[in-house]
Amino acid sequence: MDLTRFLGVQLDNKLEWSTNTDAVYKKAMSRLYFLRRLRSFSVCSRMLHMFYQSVMASTIFFAVVCWGAGIKAKDANKLNKLIKKAGCVVGCKLANLDKVVRDRMVLKLRTVMDNPSHPFHNTVDKLRSSFSTRLLQPRCSKERYRKSFLPSAIRLYNTS
């Protein structure tokens, strides 16, 4: 299997995200160690949360708009368990992977829709419904395309 690393995201020739998820998990686990060490020094919960957001969450959610909708349930559960462990260390409930993916994908789609100079703007603009504010789903013959950014973001946008 060919593996390419582009801007910190690991891509394989089948566009499956297991390798990338494993790398993200490994990085985040090493950062969880430091979060636990901070807690052992009786650092306040607010500082632990700040550490989580700046060091762990930035690692876990890097480029989540690209790979978030296409990962397997097993990989999503693996990352959600890690986030839950971090939440126990911090002492508060943290947003899980699904919520972050939803929020960031819809935000990115709205950014594309609001920016006429964006290269993707015309494509999204053609999908606007003439009857409502919804966007029409593009035709998807392959499951891989159905799980990619545009169809997933449109599905989330229409339900929000």
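Conventions used here
Residues numbered from 1 in each chain as written. Predicted model: local features only at pLDDT ≥ 70, side-chain atom pairs only at ≥ 80, totals over all residues. Heavy atoms only, no water. Helix = DSSP H or I, 4+ residues; strand = E, 2+ residues; numbered from the N terminus. Expected span 1.5 Å × (residues − 1). Buried < 20%, exposed > 50% of the residue type's maximum accessible area, 1.4 Å probe, protein only. Contact = heavy atoms within 4.5 Å. pLDDT = per-residue confidence, 0-100. Phe/Tyr/Trp six-rings, centres within 6.5 Å; stacked < 30°, edge-to-face > 60°. Lys NZ or Arg CZ within 6 Å of the ring centre and 35° of its normal.

S.K.: I'd like a description of helix α4 (residues 73-90), backed by residues and values.
M.R.: Taking 1.5 Å as the rise per residue, α4 with 18 residues should run 26 Å; its terminal C-alpha atoms sit 25 Å apart, in good agreement. Every buried residue belonging to α4 is among D75, A76, L79, N80, L82, I83, A86, G87, V89 and V90, and all of these are buried. Buried residues in α4 make contact with α1 (18-40), α2 (45-60), α3 (64-67) and α5 (97-114). With its phi angle positive at about 100°, G91 sits one or two positions after the end of α4.

S.K.: Describe the confidence of the model for the protein, naming the residues involved and giving the relevant values.
M.R.: Confidence in the prediction for the protein averages 91 pLDDT; 99% of positions are at 70 or higher. By mean pLDDT, helix α7 (residues 143-146) is the weakest element of the protein at 78, and α4 is the strongest at 96.

S.K.: Please give an account of the packing of aromatic side chains that cites residues and values.
M.R.: For any pair of aromatic rings, geometry is given as the distance between the ring centres together with the angle between the planes. The final tally for this structure, using the stated rule, is 2 aromatic pairs. Aromatic side chains Y33 and F34 sit 5.3 Å apart centroid to centroid with 75° between the ring planes, which places their arrangement in the edge-to-face category. The class for Y33 is partly exposed, based on a relative accessible area of 48%. In this structure F34 comes out as partly exposed when scored by relative accessible area, which is 46%. Relative to F149, the ring of F120 lies with its centre 6.5 Å away and its plane at 35°, an arrangement referred to as tilted. Linking F120 in the loop between α5 and α6 (121-125) with F149 in helix α8 (residues 149-159), this pair joins segments that are 29 residues apart in sequence. F120 sits in the partly exposed class, given a relative accessible area of 29%. A cation over an aromatic ring shows up here: K78 above the ring of Y25, its NZ or CZ 4.8 Å from the ring centre.

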